[in-house]
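Geometric and topological summary
Residue-level listing of the chains:
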Amino acid sequence: MWRLILSALVTVALIIALDSPHQIGQTALPALGKFLSPATGFWQNADRADSKNATLHLPGLTDEVVVVFDDRLVPHIFAQNNRDLYFAQGYVTAMHRLWQMDFSTRAAAGRISEIVGPRALQFDRRQRMLGLPLGAENALRSWQRFPDEFGLLEAYSDGVNAWIEQLSPRDYPLEYKLMGFEPEAWTPYKSALFTKSMAARLCLAEYDMEFTTLLDLLGPEQFAYLYPDFNPAQDPIIPPGTPWEFDPVPVPVAADTSAPGSGIGLRSGSDDEIKLGSNNWAVAGSKTASGRPILCSDPHLGLSLPSVWYEVQLNGPDANTYGVSLPGLPGIIIGFNEHIAWAMTNVGHDVTDWYRITWADAAQEFYMLDGQPVPTGHRIERYLIKGRPDVLDTVRMTLWGPVWEEPPYDGLAMRWLAHDESDGPELAVFTRLNRARDTEEFLAALDVFQTPAQNFAYADRAGNIALRIGGKLPLRSRGHGKFILDGAQSASGWPGFIPPRHNPVVINPERGFVSSANQKSTAEDYPYFYQGGRYFEDYRGRILNEKLAAMQGITVPEMQALQYDSESLKAREFLPHLLRQLPPDLNQEQRQVRDSLVAWDFRYRHTSESPVYWEIWFAVFFDLVWDEFKVLRDSLVIVPPESWRTIDLAIHEPGSSAFDLGSTNEKEEFADIARLSFRNAVDSIAALDQDRRRWGEYRTVTIRHLANIAPLNVVLRNAPGDGDALNATTSGSGPSWRMVVHMTDPVEAWVVYPGGQSGNPGSVHYDEMIQTWVQGDYYQVNFASTPQDVQAGHTYTLQPNGR
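About the criteria used
- Residues numbered from 1 in each chain as written.
- Predicted model: local features only at pLDDT ≥ 70, side-chain atom pairs only at ≥ 80, totals over all residues.
- Heavy atoms only, no water.
- Buried < 20%, exposed > 50% of the residue type's maximum accessible area, 1.4 Å probe, protein only.
- Helix = DSSP H or I, 4+ residues; strand = E, 2+ residues; numbered from the N terminus.
- Arc of directions from axis to C-beta.
- Contact = heavy atoms within 4.5 Å.
- Polar contact = N/O pair within 3.5 Å; in protein donor to acceptor, adjacent residues only side chain to side chain.
- pLDDT = per-residue confidence, 0-100.
- Pairing = 2+ DSSP bridges.
- Axes fitted to C-alpha atoms, helices over the stretch in contact; angles between N-to-C directions.
- Salt bridge = Lys/Arg side-chain N within 4 Å of Asp/Glu carboxyl O.

Those residues of helix α13 (residues 439-446) not exposed but buried are T439, F442, L443, A445 and L446. Relative to the axis of α13, the buried residues are bounded by an arc of 160 degrees and lie together on one face. On its buried face, α13 is in contact with β12 (340-346), α12 (428-435), β19 (454-460), β20 (465-470) and β22 (505-507). Measuring from the backbone nitrogen of E440 back to the side-chain oxygen at the start of α13 gives 3.3 Å, which picks out D438 as the cap.

Here you go:
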């Protein structure tokens, strides 16, 4: 009897243990019974190459839709009406990317604690404090005012849910089983959350705190000397001298633009720099071998698996469009149709301001505005925490936005454009671009775009090229928004916005190309002031324009090679100046490094040692030049001057006090710092293993799984490129999509991205394009007019339920 009882108890204990998740240190384990179950566990996620044709009956469709998947699992969707088109897009996107869509929008909403427990609570609080749910709620409210466009978003949501509703636990993507949660219904609100997460990636950057601290430390004159607004060597996106065909609206001078006596104190904390750039360009037929324009796109984003992009063709009653979508949004974001092609890069305008709040009472229930106390708003946030009781929190709200409770911004209010309701049908910008047929329709589509501001490059089959900044840009008096602002004055705010048709634009320029690489949008002749530009160095923009200007008879392979180009203009311009400072009496190790750098062609090949030597030397040089800043950054929120300013001083003002080391009694100049930094750099190089001296081994590239599940990451040691090169591949970011479109008849295109169509790690389509991408190769697009034109892998025929 006792054996029977003991056996029963052990059995019950095992069932409980296997049915419950466990935590070992920092590692969370799933409920092993469910995870290992042959019927419902991870075994079901092994690659089931679903290559059979199928007819599916789905509620919500009105007519038949044909989806043909090609050999890379790209869906080519053919629908008879637009509602069915976006329903089918939602359905097939969820088929391949459901977990990604679900997890990324829960993260934006500050809901990860529901999945992983209390260790994510700080992250969730920051997302709520940042106001991503607030911005999504406001976006949804504004979208609903335009029922035609909103109906397409609802159709997309219905398609996602049609996929979810037919899933059983055995079919759940692997990550649900690993993390122990289930899919939930998709809604338009989730799409709104996704747009706000993209805004946080692309238009949240600012230096208000850093610059305010630096102004207090350095004084106005020295601050302006070390941190100028404009690099005179840069080549703006819109060519200087482009006529502005409008009368600018008057801009009242805002209060508190110079932040004298800011009153915020010198603050500690961390504020990471956000630098996600991109390249795009279009060349006119006058510069191509075919006489037809060519458009090129490679947006630089954080590299992740599943990829941020999902490749798709949408063929409906009024457009046939191909490109990449963002999982969670209807339409194609970057791509082409039978008439036009478009591409985007991040503008980098500053649309985030911080305000010092003057509280009217000790309880901070009122704050002062224009001499009067104003009630503080309160936004109650509830956090559902896995395995723990719920947590309630309050975010205080002001006229400007949420008040932060986290260093270094604690007690400051945040004004961010992404919180605002949009004025027009912003949701329609991409569906309108998908259908645009000419330049005027392209420009009209951008009139409703709000945030994050983008440089839209354009080409069409009629031979036109153009580039326009799309996005809502605050009206600012000169210098406004550069420092912490006085929240007690309403005059510290934005008096309005630049009219959309006053945004910078150039159409068919004489030089025969348009381009952007995140440099300043315009020269100083643009009649409006915009804050920003520090977020990206100018070198990519300059070398891109230099190379395009020198090219004639351009071919598609030459454009592909330019996207893959790894030459650094920064190294080309500055390294010779550094080398000229070196003395002749070098030891053997120093001579070997010097000789390698002298022979270098400034290209970041993965097999080359020279890029490693240059990077180490420049980093040591930069830190020595700004040694006082390096010390201060341990305790204060500041940033050193930009690389271009450092190089500019070295070349044109070698005796500047910037080169005087604070740690010595001597007066150092540029030559002294060049020599000292070289000696120190060679010592660091000598400590490297021989393998680590090759660029691909020194700077590996990690394409991280979205939840940072390490076994699902991909680490590359054969990736060329650098953040200052056109092939701007860094350790964790780079060209997330490469596209070259030749505006022939019919349109031809070549594409690649560092991932695969499937989000399932057990699929051959999970990461199949990575090596093609890293080698600079492409796939030619199958831009089909009918389902029969697709070089098919398999076909799904989607029928309305009941047929």
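Here the narrative resumes.
Here the focus is the confidence of the model for the protein chain. When the pLDDT values of the protein chain are averaged, the result is 91; 90% of them are 70 or greater. Low pLDDT, under 50, characterises residues 10-18; the stretch is placed with five contacts to residues that sit more than four places away or in other chains. With pLDDT under 50 throughout, residues 32-43 is counted as low confidence; its partners more than four residues away or in other chains account for 26 contacts.

Here we come to the sheet that holds strand β5 (residues 75-78). Hydrogen bonds between backbone groups are what pair the strands of a sheet, and the pairing can be parallel or antiparallel. Strand order in the open sheet formed by eleven strands is β3-β30-β4-β5-β9-β10-β11-β12-β19-β20-β22, with mixed pairing between adjacent strands. Bordering the open sheet on either side are β3 (54-58) and β22, each of which pairs with just one other strand. Along the sheet, successive strands turn relative to each other by an average axial angle of 20 degrees, direction set aside. As defined by bridge partners, β19 adjoins β20 across six bridges and the pair is classed as antiparallel. Each residue of the ladder has a partner; that of A459, found in β20, is I465. Running at roughly 145 degrees to β12, α12 makes contact with β9 (310-315), β10 (320-325), β12 and β19 of the sheet.

It is possible for side chains bearing opposite charge to pair when their charged atoms get close. On inspection of all chains with the given rule, the structure shows 42 salt bridges. Of the charged contacts in the structure, one is a salt bridge between D447 and R468, with a shortest N-O distance of 3.0 Å. Here R468 lies in strand β20 and D447 lies in the loop between α13 and β19, a separation of 21 residues in the sequence. Look at D447 and you get partly exposed, because its relative accessible area is 27%. Here R603 ties to E567 by a salt bridge, and the two come within 3.6 Å at their closest N and O atoms. Pair noted here: R603 is in the loop between α17 (588-599) and α18 (610-625) and E567 is in the loop between α15 (556-563) and α16 (569-579), with a separation of 36 residues, a long-range link. Each of D102, R106, R111, E114, E184 and K190 takes part in salt bridges that share partners, so that together they form one network.

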